Every structure is written in structure tokens, then in C-alpha cells.
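Descriptive analysis of the structure
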Amino acid sequence: MASMAIGVSLSMSNGIGRRDDVARLSAKALKLNQKKNSQSESRNMILGMNRRLASRARRTVSKSVLVDGEGEEKGQTNLRVGLICGGPSAERGISLNSARSVLDHIQGNGISVSCYYIDAHLKSFAISSAQLYSNTPADFDFKLESLAQGFSSLSDLAEHLVSAVDIVFPVIHGRFGEDGGIQELLESHNIPFVGTGSSECRRAFDKYEASLELKEHGFMSVPNYLVQGIGVDESEIEQWFTDNRLDLDVGKVVVKPARAGSSIGVKVAFGVNDSIKKAVELILEGIDDRIVVEVFIENGHEFTAIVLDVGSGSDSRPVVLLPSEVQLQFHGSGDPEEDAIFDYRRKYLPTQQVTYHTPPRFPIHVNKSIREEASLLFQKLGLRDFARIDGWYLAPTSNISPAPNETSRGRMSADIIFTDINLISGMEQNSFLFQQASKVIKDRCNIDDYVNEMLPTVPYYCQVGFSHSNILRTILHRASSRLPHLTWHNYESNHLLRGSTTLENSGDVQKVFVMFGGDTSERQVSVMSGTNVWMNLQRFADLKVTPCLLSPSLSNSSSEFPDKTESDLDNREVWLLPYSVVLRHTAEEILAECLEAIEPDRARFTSRLQKQVMEDLMDGLKNQSWFGGFDIIDELPIKYSLREWIKLASEAQATVFIAVHGGIGEDGTLQALLEDEGVAYTGSLQLMVQHYGPGVRASRTCMDKIITSQALSHLSEFGVHTISKDVKRTEDIMHETISNIWDELITKLRCLTFCVKPARDGCSTGVARLCSSEDLTVYVQALKDCLPRIPPNTLSKTHGMIEMPNTTPEYLIFEPFVETDEIVVSSKAKQKLSWKGTRRWVEITVGVIGKRGSMRSLNPSLTVKESGDILSLEEKFQGGTGINLTPPPPTIMSKDALERCKQGIELIAETLGLEGFSRIDAFVHVETGEVLVIEVNTVPGMTPSTVLIQQALAEQPPMYPPQFFRKLLHLATQRV
């Protein structure tokens, strides 16, 4: 039976079926549904309030004096925003992600966006918006001169911007974006821009200078030492260690660049010699010539807080949103450095290595102090519009304490310390900016007791906040308010993003359930995929899109669902999620947020903190003529068993968009369950495979790499080949002599290097190159020890992080390792794309789309591996990593070979009975177009920067993500 917390409005029953139908699903649901009318009235009041505010804005805001856009009616002029990304920092890939997110959420409704890119050498270009959907800047760096409008200098770019845009939104992270570089350029040409001015950026960006500034203003700072250049004075740093009571040999410190962003090059060092060594390494790597060595904080709790300025003109009114606690999870990697810091990988790749808590689990008075002091710091440093401030809450046993001369400088607390000021915070879809902005207020009732004018009474627990678009537009409005001539019209929107758990009748609206999560090691990628699909589809007014989390099974013992009992349909949980809960980084965080949301004590704790946030925001926003109100009102997450959820989808006549990678999402189980109830879903239908018997899905065939090869083995005469395989039971390997197994593999597969992978798991899980019996020993031991991952370069051949299966796979596949030609994309070499082409085989990934029997191949992408011979999880799915060339450059693959390759891919899709959308990974011969199949994925990654989006954009006409995912929905509902 569905479990629902008291206080949830089950207006869900509207649009699902009759009330007696709902009662069969959940007695609680029916009982709580009696409160539906008052809830609906409250939501209507909020919508009405938003409309009144928007109407007031239309009456009071003067007409824009900007130049009319082409084809627009008079008086309907747009604010022209110049979005600038890239830059010389190692964070330029994240900058691309942020720019993509900003573009997605501000384009339209009174705003037109032009995109600009600055490369690693500060050369600037006007680029198409399609380029923002690349995985990394290296995808297009080498061809910019032929595809984009280049500028002769940065001054030339600025002169162009003077007439082309009204305001610039810089999203360059690190150098030239946050150090005052781009700001100084814009200021010199009197171009308005979002964010802090150049001189204030310079002071706040340099970590050493910022620490001095903090102390000057009476804030506590971490004791540090500045290394400049490779000629380090060892006696000076020894004295610093001594002064700070650190052991000269093993004292623990953090070594980081002073001017390289918050995550790049951050290392842990032990003792003087190690500190000097790592500081010099960073300098020699060219990351920075100013390196900060600071005391490692023991017994501290890390946090980060978004500051939003809701003032107007020159009046600064910074409001700190609900902060987030950063909790590192230690998984016994054996590497004290890896476990010690919040590094680049933990920050930007969803992983269980870190958990976020919003709000922090600190005492009320500590959270209050964080907000008060961060707001004051924002003002003292002269920051503008928005920023993210990182810091620590120090436990009484911490090794950091105020210096004697600091105790009399008027600090408000001795247990809060600020460490990093991020002037252009990351703006990826689930970044802290959007997480914290979506959680402005939660309460049981009578919210209007303290915000009478701005919010109506909202009975029972609900969450109110800013959507992605609303918070970004609020920031733009704030920046525009500094220049009266930039007053612009924010077109009214009637689209209130109500709680995603609410399914109400609204005409011909089509209901869509987006399911993600699950058990497998790719569940975090699944969260990214599902979130991206949900965000893109909710832009369509005729769709009601509900995100749904398939939580891990209670036993978490296996992802092979078909072997489980019928009772597992009742044991597996599916949560219908509200807007703010979806914006978590991992499946585990989402589940924890669901449980916290229905836990009364935690809800009360959160509500107390949010009340002050709301009051502070309203003090500034209530008098802003452009503010149209909050556009999110969420109810609580709702839990169902898998059986109940499928019944719910059936009665709601919803289409299920499957974004569960591996496990029951990709082995045919979920598809079978949905089909039995007549529920439409994205993906492949049935395929008769003799090995499995009738009625088993194409998904199950493709999930099993062995059966995939068997199903395609007869296609060699058509230029489609499969790789020889040897399948071994994992348990047998664990009990046999590794050297004997290795010799047997060499004899059977007639090669010396192998690729090992689980027989039934996701496309990146547990895949490794083995060059010796020692490598196999390490791999098998990792399985025995149930390690979540094998660290980079553990095996004899260079490789990246290897994510291991959640549970020990029953079978392992060994294949001859296919050597491909190395492709080098270099921004330093004169010939930026180089390829020797001695072996004539390259690796590709390609999407196929359409109806069964008429699947069409998109343009393949040539994959370039950055960290070894096997594509890592990051390189496949995480924006800012991995390089993909779409389509393969003609200097590598001829047009004829490309066409033959696509024909082979379409033959594979037809043979396997694929439909809807799938991804095929393969090796291809660049001259003949022959295809050597690696694997087929019926639920491919659908993250914001997945290569398949690039392939869809390469179509004519281009399919942008919203249209692409809508196409997949259409295919799901058009099956015969």
C-alpha cells in the first residue's frame, strides 16, 4: 500500500480515475484526498498572486528602449543577453555545462540569447547555441575557425558586444571569469554585465589575498602560507609549520593554487617536504605560480551557501539562501589524500563519495550565524548580484581557533570560518544555486502569518521556491536595475510549476512519468538522465511530467529482477517526487530527502530556518515591480510499491519514460510489467529469441552481452562482426589459480591483452583492460572485496577510475582487446587534430531512432579516450569530460565508409528488433565501413551533455533536447 505522510494533499486522484479506484491503491490516499479542495484553492491563490504581481509589473515597468528584435511586434522587444563561456581554466568544461543550463532556462519570454566562447588561449568566438550541448570544449575547439565567427582580439569581441547585446552574463569559471579579467574588459567598453566588478573580483578570487581581506574585516580565516615560484624558502615554511603547531614531518595541510577556482589542483600534503614538493608540482604543471599551503581543518563540517542580492540599483540587500552541508563519505580507498578533500570529481560527478544536506544538520544558531556572516561578508567585499561562499563550522575539538589578535575585532562567532568565495557559481541543472533557490519555505499552515502580501495560506506541508528560470531571471533583473535604461519586460507566465506529485485533470494534458534510479552502479547516471528528461519535457504546456525515483531494493542483493519472487513487486519502492527533491546529486540523496520530508521533526527544523529566508527575501523583493512571485509549489514526495505505481500509471493513462540504466530498466523486466498493464513506455518491445523463449524483450537481449553477440553472429557477410568471447563464472575464477586462468585465456582467444566486463551490467561498469595475470589478480580481488571502484592507474596500463558493479556479477566476459588508432585533439599543436591511422579501426558510438523495422542511424560520434584505453563513466556521461567528434572528420573516415557504417548500424537495430531509441557502441574500419559490435544499450544515457544530443543536433533540421525527448515520447505512443 502506498505510504503517505499526514498532510499530503492527494489531489493526485484527479486524472487518475474514480475515487473508488484510488481507494483500491491506498486507503490513506482516499482519506487525504478529502482535503484536496482546500489545497487546490491555495494553489489557485498562489497562481493568482503571481498574476497580480505580474500585472503590477506590466503597469509600472516602463517600455524597454532596446532596439526592436527582427519580426517582433512593437513594444515586445527582448532583452538581448550575451552568454560568455569557456576560458583558460581547467574548469572550462564545467563552464560549458553552466552556459548550457543558463541558455535552457532564460531563452524566450522576453529574452534572446547570443552565445560566445573564449578558448584556452583567450581567443574569442561567436558560436551557435548547438555548440553548448557538446560534452567538452575539445569537441569543437579544433574546428572553431571554420564553424564560428572569430574575433581578432578581445577588444574586437567587446566592440561587437557593444552593439549586439544589452547585457552580458559571464559564466566563465576560474581564471579570466572570476579573477576580474572578463569584467575589466566589459567595464572598459561600458558594457553592462551580471556579477561583481573587476577590482572586487581580483581581491576575492585570489585565495591568499581573500584570506587577508577576511581578516581585515574581522572574519576568521584558515592559517596559511604563500608559495611564489619554485624557489621555496624551506626555513620559512618550517617556521610556519612550527607556529601553527604542525609536525614538520607529518603535519597535515592542504596545498592549492591561489587562482584556479575552488576545486582545481587541490591536494593534501603531509609535512614540510611533501608540501614543498606538491606546491612545486602545481607550479610546474602551469596551474598557477602562487600556491597556498593552509592548515587542514580537523573536526570541522563543510558547508556552502548561495547569496542572492535582492536590492535595486546601488542598494545592496544580500540574502543567504538555505545553506548546504557537504559530507564526505569514506569508503576505505586506502588513500588518505583521496578521502580527505572535496575535489573536482566529487563536486561535479554524482557519486556516493559525497552527500549534501540542505539545510545543514547544524544547530539552529549555527545556521543563523552562517547566513548572517555570509551576508555581511558579501557586503564587505563589495560583491554583486549573486555568489557562492564556502566555509566550515568548527566543532569544539577542532584544531582551528581564533588568533589572539582576532578575538577583539568584532567577529560574531568563533566557530564559523569562510574559505572560498565563488564569484560565478556553478549553474549545472542540480547545482547548489538551483537546489537552494527551490527550497525557500516549507510549513504546515498559515504561511501568510509572516508573508501576508506575498503568499496566500498554504495548508499542510508544501515547498515554495524559485524555478531555474525564475532565479536566473531574478539575477538578471537585479543586474539590470543598476542601469535604468535596461528595464525590460518580463512576460507573464501562467505556468506555475506545482508539486510534481500532483496529477490533476487539465484538459488534454498528456501525463508522463519519468523513471530513474534503481540498483545498478549506473544509478547516478540514471539520475542525471531522468532529471534532464524531466526538465526538458516540462517545458511543454500540454505535458504533465512527474519525476519518479525507483529506489534501491530492500535487499540490494541483485539487479537481476526476473529471478526474484512476485513479492518483490510489493517490496520495490517508487517515489513520486516534487521539484525541489529531484535536484539532488544521487539516488541515495533523493531517497534520504524523501524520508526527511515526511519526518515531522526534520520538517519542523527546516521550516524554522526557511521562515527567516523567506522574510529576508520578501523585504527586498516585495517592492520590486518586476518580481512576479515564486513559481514552485511542491507537495510532499509520495511512496508507492512498484505494483501500485504501475497501476497508478495505467489509471492515469500516463506514458512512462524509462531512464533506468541497467537492471530492471534495461533487462526487459520493467518493460514487461508495464506492457502487461497496457502502459505505454519508451524503448524496445518484444523480440522472439530462441535462447530465452517467446515473449522476452529486445531490452533483455541487449542487456546480456553474450546473447547480443549470438543474435548478430550471422551478419558477417553484411559487414557486421562480433568480438570473440570467453565467458567464465565469477565464483570459479575466485577459487582457481589466476595464472592458469590467464594462460587458458591466451590459448583460447589467441591474444595477450584482454577486455573484461560483467556479462549483465551497464555499458561502463566493471570494464577494464587486462595486460597481465597481475592485472587479473587485482581485478578479481576488487570483486572479492566488493570495492565500489578501482582507482586510476591501479592496473599496469594507464586508465581512469573504474566503477565496479554493486554486487558480484555471476559471469564475466573476456574479449581480445581491440587496438584502435590514437586520435589526439590538441589546442597547442598547430595541427589541432592528429591521427596516424596505422590500424584503420576507430571507436564510435551512435544513436538509432524510429519505429521497429525502420530504425534510422544518426551520425556516429568518434570517441576519443583521455585517460586510458577504456572510456570511463565520466567520459561517457559527465559534461566537461571526454571528447567526441560528431560526425567523424572526413580526414579520418570517408563519406562512403560513413554511409556503409550507418547501414550496418541500422541492420543491427533491425536484427535486434529495436525501436524508439537506442545506442550502439562499435569499432568501425575507416576505409570499408565494416562494424565490430561492442554492445547495444536500449536505455542509453540522456544526460545534458551526452553525445546523442550532439547527434540529434547534427540532424536536419536540428533536434534540440526538448524536441528530441518529445520525439521519443511520440514514438512510444505510436506503437502498433
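Computed from a predicted structure; not experimentally measured. Every chain begins its residue count from 1, and numbering advances along the sequence as written. Only residues with pLDDT of 70 or above have their local features reported here, since the model is predicted, and side-chain atom pairs are shown and tallied only from 80 upward, although totals for entire chains, interfaces and linings are computed over all residues. The side-chain figures draw on all heavy atoms in the structure; neither hydrogens nor water molecules are used.

What to know about the overall build of the protein
Short version of the rule: For helices the rule is a DSSP run of H or I covering at least 4 residues; for strands it is a run of E covering at least 2, with both sets numbered from the N terminus onward. Categorising residues by exposure relies on relative accessible area from a 1.4 Å probe, with only protein chains included: less than 20% of the type maximum marks a residue as buried, more than 50% marks it as exposed, and the intermediate range marks it as partly exposed. Every residue pair with non-hydrogen atoms within 4.5 Å of one another is taken to be in contact. Surface exposure here means Shrake-Rupley accessible area, sampled with a 1.4 Å probe, where a residue is shielded only by the protein chains that are shown.
Along its length, the protein carries 32 helices and 39 strands. In the protein, which comprises 976 residues, the share counted as buried stands at 64%. If you take every contact in the protein between residues at least 6 apart in sequence, the share linking residues at least 24 apart comes to 74%. Accessible surface computed for the protein: about 35,500 Å², of which carbon and sulfur atoms make up 48%.

Remarks on the nonpolar core
Here is the rule we go by: Buried residues of nine kinds, namely Ala, Val, Leu, Ile, Met, Phe, Trp, Tyr and Cys, make up a nonpolar core once their side-chain atoms join them within 4.5 Å.
Membership of the largest hydrophobic core comes to 128 residues, with the highest contact counts inside it found for Leu-617 and Trp-645. Looking at this core element by element, the count peaks at seven residues for helix H21 (residues 600-621). Excluding its chain neighbours within four sequence positions, the residues that come into contact with Trp-645 are Phe-513, Met-515, Cys-548, Val-574, Leu-576, Tyr-640, Val-656 and Leu-674. By size, the runner-up hydrophobic cluster in this structure holds 33 residues, among which are Leu-712, Trp-835, Val-848 and Met-855.

What about unusual backbone geometry?
Cis geometry is adopted by the peptide bond preceding Pro-359, which originates at Thr-358 and carries an omega value of 5°. Along the polypeptide, Pro-359 turns up in the loop between strand S13 (354-357) and helix H14 (364-380). A cis amide bond links Thr-886 with the next residue in sequence, Pro-887, at an omega value of -15°. Here Pro-887 shows up in the loop between strand S37 (883-885) and helix H30 (895-912).

Comments concerning the environment of Glu-810
What counts, and what does not: For this analysis, a polar contact is any N or O atom pair within 3.5 Å, provided that within protein one partner can donate a hydrogen and the other can accept it, and provided that sequence-adjacent residues contribute only side-chain to side-chain pairs.
Here Glu-810 shows up in the loop between strand S30 (802-803) and strand S31 (811-816). On a C-alpha basis, the gap between Glu-810 and Glu-731 in space is 7.3 Å, while along the polypeptide they are 79 residues apart. Side-chain polar atoms of Glu-810 contact the side chain of Arg-729, separated by 3.3 Å.

Considering the sheet that holds S31
Using the following cut-off: Here the rule is simple: two strands pair whenever DSSP picks up at least two bridges between them. Only the contacting stretch of a helix is used when fitting its axis, a line to C-alpha atoms as for every element, and angles between N-to-C directions run 0 to 180 degrees.
Here four strands make up an open sheet; going across it, the order is S26-S31-S27-S28 and the pairing antiparallel. Of all the strands in the sheet, just strand S26 (726-729) and strand S28 (768-770) have a single pairing partner and so form its edges. If you compare each strand with its neighbour and ignore which way they point, the axes differ by 30° on average. Sheet topology note: the strand S27 (residues 754-758)/S31 ladder contains five bridges and is antiparallel. Across the sheet, the residue bridging to Pro-758 is Leu-812, located in S31.

So, the sheet that holds strand S3 (residues 124-127)
Reading across from one edge, S4-S3-S2-S1-S5 is the order of the five strands in this open sheet, with mixed pairing throughout. The open sheet has two free edges, formed respectively by strand S4 (149-150) and strand S5 (167-170), since each of these has just one partner strand. The sheet contact formed by strand S1 (residues 79-86) and S5 spans four bridges and is parallel. The partner of Leu-83 across the bridge, within S5, is Phe-169. Packing against the sheet, helix H6 (residues 154-164) makes contact with S1, strand S2 (111-118), S3, S4 and S5, and its axis sits at approximately 175° to S2. Packing against the sheet, helix H16 (residues 468-480) makes contact with S1, S2 and S5, and its axis sits at approximately 130° to S5.

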